[in-house]
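# Summary of the model geometry
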Amino acid sequence: MNDLHAAFAAPAREALPRLTPAERRLVEAELREMASRGPGTGRILDGLREVAARVPERLYADSAEVLLRMHEIAGSGNLQSNLSSLALVRACFAHGLVDDGGPGTDGAGEGPAELVVGRGHIAPAFYAEHYVRGTLPFAPLATLHQGGLTGVVHRDLGFRTTMRYSLGVGVAQAVSLAWELARGGSDRKVVCLAGDGELHEGAAFEALRFAHDAGLTNLLLVVDANGKGIEPLAKPLNTGYLAAYLGTLAEVDGCDDGAVETALGELLARPGPAALVCRTRKGDHSFKPAGAAPPAPGRPVSFASTAGRMLGAHRERTGSELAVFTPDMAARFGLGGHVPYTNTGLAETLTVGMTLSLPDHVTKVVATDAMYYMDSLSMLTEATTSVRNLLVLAGRSWGAWGGAHNATNLLGLLLHTRVYEPVTAAEFQACLDRLARDPATAHVVSMIDAAFEPPARDCSADIDGGVWLTPPGDGPDATDATVVTFGYAGVLVEAANRDVGLPHLHCAALTPRLDPATLDVLTRSRRILSVEYNGAGSGFGERLRARHLLPVEVHAVRRDIATRVHRNQLPLHGMSPGPLRERLARLLENREGSGHAPAYA
């Protein structure tokens, strides 16, 4: 069942002030149509097509212009990646590779070949082309990244697969499908859209090697070769190995719609495996609206982006030798100009592997996305059992998806690993100092990719302990209710707690080692609320509850992989100041069965 109005109305109305008058009128008309339909029983995409048919007005005829408007309205996104692949996307439509609303339930098996979009961030290019062809309304386009329309490929929106986290997995998905079709006796082709940066991933090499060794003749790899991931690639795409594995290789100007369409058609028509390399161009990775004002002086910047400066300060202070490796994430951590680093180009497993044979005294820093390291868990297990002085920077701020949640549920379970989420420069330095004292333990540091003012106090004096941001008072009822936070949640709760005044203990360690005096305060508390932005499963509050037998209630991220920008993630999970303030106030309410608090509240 789908309810289009419930899915898109709120984010579309939130976007109205950013729309032109014509766009606003059209969106309001489309929302009225959605409301009149009521909940449906089919796919979301089918319902959106019905709305597009009933409100047929088109404001734009060029999908490139639609893409720009989508990103201007969202204020963020990967516009240049989408523009780079737009000719490829148009060619896929032209050859009937895209589910265009014909018969069938998922678009599979209707066109001349199966399409797997491994370059998952180019989903908006497909939405834009659907719009100009009359098969999508404008309202969902106005919700990109805002809680309505996901920016990555998803089954519910016309794609064969759903992108979870890894860019390189698309090639593996295509090879899997090609192998299954061949095994069943079908010669139906599988077309995989990939990027040259994406092909750096180990999974892509392994998949293409398997396709060759298995003798697959039904795989057509189409590569957007723009010479960039987030940063420029060290060298252009090496087409030799593609030709060796796939036999036939064609190259075209990927900015020429006609050339791409013709070349794709020719390779679809001829037998055997092949690769089509489309030479394209890509601008800056992150979208910035034209005329956007630079950040005001003194305005907080993303904490993750200060990592380079903090690493440089540590090297200056201690004389430590650093070896920094990153899979195309230097900008996120602000490494440039502060510390030398090696860009491994989206090769997550290699990024960790580069640390394995360095001398013990060298501090090895792996600066990666908090999602990407899931590709390299086997190598991380090797590293945590054999590498000394290993620091993993996991940078993200998406609540359950990434950040400390993955560090909690994955890296926190590996041998010889400690997980932290600092929120001040002093806490970050304390993590590095602790690593120097305990080099046999890998230190995983979740780096929040959000801007905030740091708390007035922190755990830098005892990075494994806790600090009272709001100290407990005196008297028998002073600790009737207490709030304990992990990492970034401490910043959020500090703002919400100003009018409530609960004793508030902030911890930077995922598994804190609390001193007897702190434990005594917590033990005397009738109710304890653990607030954590990292997710509840195997998380911070659960560990406090189990380890110390405390009446801990957990207020945490409950959903997984919610693709919303940070400012919308906070209210989604009750982490913005208003809902948090209400939650803290409710902690003071009397209730029966005190001391037997639920695990989740």
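Just above sits the structure.
Residues numbered from 1 in each chain as written. Predicted model: local features only at pLDDT ≥ 70, side-chain atom pairs only at ≥ 80, totals over all residues. Heavy atoms only, no water.

The next point concerns the overall build of the protein chain. When helices and strands are tallied, the protein chain shows 22 helices and 16 strands. Contacts in the protein chain between residues far apart in sequence, at least 24 positions, make up 77% of those at least 6 positions apart. Total accessible area on the protein chain is roughly 23600 Å²; 52% of this is exposed by carbon and sulfur atoms. (Helix = DSSP H or I, 4+ residues; strand = E, 2+ residues; numbered from the N terminus. Contact = heavy atoms within 4.5 Å. Areas by Shrake-Rupley, 256 points an atom, 1.4 Å probe, with all protein chains shown as cover.)

The next thing to look at is unusual backbone geometry. Where the residue is not glycine, phi is negative for most of them; where a peptide bond is considered, it is trans in most cases. Of note, Asp 328 is a non-glycine position whose phi angle comes to about 70 degrees, a positive value. Here Asp 328 lies in the loop between strand S6 (322-326) and helix H13 (330-333). Even without being a glycine, Leu 346 presents a positive backbone phi close to 65 degrees. On the basis of relative accessible area, Leu 346 is assigned to the buried category, the value being 6%. (Buried < 20%, exposed > 50% of the residue type's maximum accessible area, 1.4 Å probe, protein only.)

With that out of the way, let us pick up helix H18 (residues 488-496). Burial within H18 is extensive, with seven of its nine residues counted as buried. Among the residues making up H18, those that are buried are Tyr 488, Ala 489, Gly 490, Val 491, Leu 492, Val 493 and Ala 496. On its buried face, H18 sits against strand S12 (467-470), strand S13 (481-486), strand S14 (504-507), strand S15 (527-532), helix H21 (566-572) and helix H22 (577-586).

Before going further, it helps to examine the pattern of salt bridges. A complete count under the given rule lists 29 salt bridges for this structure. One salt bridge in this structure joins Arg 54 and Glu 33, with 3.5 Å as the shortest N-O distance. Taken together, the positions of Arg 54 in helix H3 (residues 44-54) and Glu 33 in helix H2 (residues 21-37) put the pair 21 residues apart, joining distant regions of the chain. Judged by relative accessible area, which is 59%, Arg 54 ranks as exposed. Salt bridges here are not isolated pairs; linked through shared partners, they connect Asp 62, Arg 90, Glu 129, Arg 133 and Asp 257. (Salt bridge = Lys/Arg side-chain N within 4 Å of Asp/Glu carboxyl O.)

A word on the pairing of S13. Taken residue by residue, a regular strand's side chains alternate between the two faces of the sheet. Most of S13 is tucked away: six of the six residues are buried. Both S13 and S14 contribute to a ladder of four bridges, which runs parallel. Its bridge partner lying in S14, Val 483 is registered against His 504. The handedness of the S13 to S14 crossover, carried by H18, is right-handed. (Pairing = 2+ DSSP bridges. Right-handed = clockwise from strand over helix to strand, strands pointing away.)

Before going further, it helps to examine the packing of aromatic side chains. The description of an aromatic ring pair rests on the distance of the ring centres and on the angle between the ring planes. Counted by the stated rule, this structure contains 11 aromatic pairs. Consider the rings of Phe 452 and Tyr 488, whose centres lie 5.4 Å apart with planes at 45 degrees: the pair is tilted. In this pair, Phe 452 is assigned in the loop between strand S11 (442-447) and S12 and Tyr 488 in helix H18, connecting sequence segments 36 residues apart. Here the two residues Phe 452 and Tyr 488 agree in accessibility, since each one is buried. Site record: aromatic cluster; members linked through ring pairs are Phe 93, Phe 126, Tyr 127 and Phe 159. (Phe/Tyr/Trp six-rings, centres within 6.5 Å; stacked < 30°, edge-to-face > 60°.)

Whenever strands of a sheet pair, they do so through backbone hydrogen bonds, lying parallel or antiparallel. Within the open sheet, the five strands sit side by side as S12-S14-S13-S15-S16. Their pairing is mixed. Of all strands in the sheet, those with a lone pairing partner are S12 and strand S16 (552-556), marking the two edges. Along the sheet, successive strands turn relative to each other by an average axial angle of 30 degrees, direction set aside. Those strands touched by H18 are S12, S13, S14 and S15, and its axis lies near 140 degrees from that of S13. Packing of helix H19 (residues 516-523) onto the sheet brings it into contact with S12, S13, S14 and S15, and relative to S12 it is tilted by some 50 degrees. (Axes fitted to C-alpha atoms, helices over the stretch in contact; angles between N-to-C directions.)

Here we come to the nonpolar core. Counting residues in hydrophobic clusters, the biggest one holds 67 residues, and the most contacted among them are Met 70, Leu 115, Phe 126, Tyr 127, Phe 138, Leu 141 and Val 222. Contacts of Phe 138, omitting those with residues within four sequence positions, involve Glu 23, Leu 26, Val 27, Glu 30, Tyr 60, Ile 73 and Tyr 131. Core analysis: the next-biggest nonpolar cluster, separate from the first, contains 52 residues, Cys 431, Leu 432, Leu 435 and Ala 481 among them. (Core = buried A, V, L, I, M, F, W, Y, C linked by side-chain atoms within 4.5 Å.)

Moving on: the side chain of Thr 485. Within the fold, Thr 485 resides in strand S13. Take Thr 485: its relative accessible area is 0%, and that puts it in the buried class. Within the local environment of Thr 485, its side chain forms a polar contact with the side chain of His 504, the two groups lying 2.8 Å apart. Residues contacting Thr 485, with those up to four places away along its chain left out, are Gly 490, Val 493, His 504, Leu 505, His 506, Cys 507, Val 531 and Phe 540. (Polar contact = N/O pair within 3.5 Å; in protein donor to acceptor, adjacent residues only side chain to side chain.)

The subject of this paragraph is the packing of helix H8 (residues 169-183) against helix H9 (residues 202-213). The N-to-C vectors of H8 and H9 enclose an angle of 20 degrees; their axes lie 8 Å apart at closest approach. Taken together, the axis directions place H8 and H9 in an arrangement best described as roughly parallel. Pair H8 / H9 crosses with left-handed handedness. On H9, the residues that touch Val 171, Ala 172, Val 175 and Trp 179 of H8 are Ala 204, Ala 207, Leu 208, Phe 210 and Ala 211. For the contact of H8 with H9, the residue count by class is nine nonpolar, no polar and no charged. (Parallel < 35°, antiparallel > 145°, perpendicular 65-115°, else oblique. Left-handed = near helix turned anticlockwise from the far one by under 90°. Nonpolar A, V, L, I, M, F, W, Y, C, P; charged D, E, K, R; others polar.)

Further remarks concern helix H10 (residues 239-246). Of all the residues in H10, the buried ones are Thr 239, Tyr 241, Leu 242 and Leu 246. Within H10, the buried residues cover an arc of 160 degrees as seen down the axis, which keeps them to one side. The elements touched by buried residues of H10 are H9, strand S3 (219-225), strand S4 (248-253) and strand S5 (274-279). One side-chain oxygen at the N-terminal end of H10 lies 2.9 Å from the backbone nitrogen of Gly 240; it belongs to Asn 238. Positive phi shows up at Gly 247, right after H10, with a value of about 85 degrees. (Arc of directions from axis to C-beta.)

Here we have six strands laid out as an open sheet, ordered S7-S6-S8-S9-S11-S10, and parallel in their pairing. Of all strands in the sheet, those with a lone pairing partner are strand S7 (342-343) and strand S10 (417-420), marking the two edges. By the bridge criterion, two bridges tie S6 to S7 in an arrangement that is parallel. Counterpart to Phe 325 in the pairing with S7 is Thr 342. Sheet strands in contact with helix H12 (residues 307-318) are S6, strand S8 (363-369), strand S9 (390-395) and S11, and its direction is about 160 degrees off that of S9. Against the sheet, helix H17 (residues 425-437) makes contact with S8, S9, S10 and S11, and its axis sits at roughly 170 degrees relative to S11, the strand it touches most.

Here we come to the packing of H2 against H3. Between H2 and H3, the shortest axis-to-axis distance is 10 Å and the interhelical angle comes to 125 degrees. Accordingly, the angle class assigned to the pair H2 and H3 is oblique. H2 and H3 meet at a crossing whose hand is right-handed. The segment H2 lies against H3, with Glu 30, Glu 33, Met 34 and Arg 37 engaging Gly 47, Leu 48, Glu 50, Val 51 and Arg 54.

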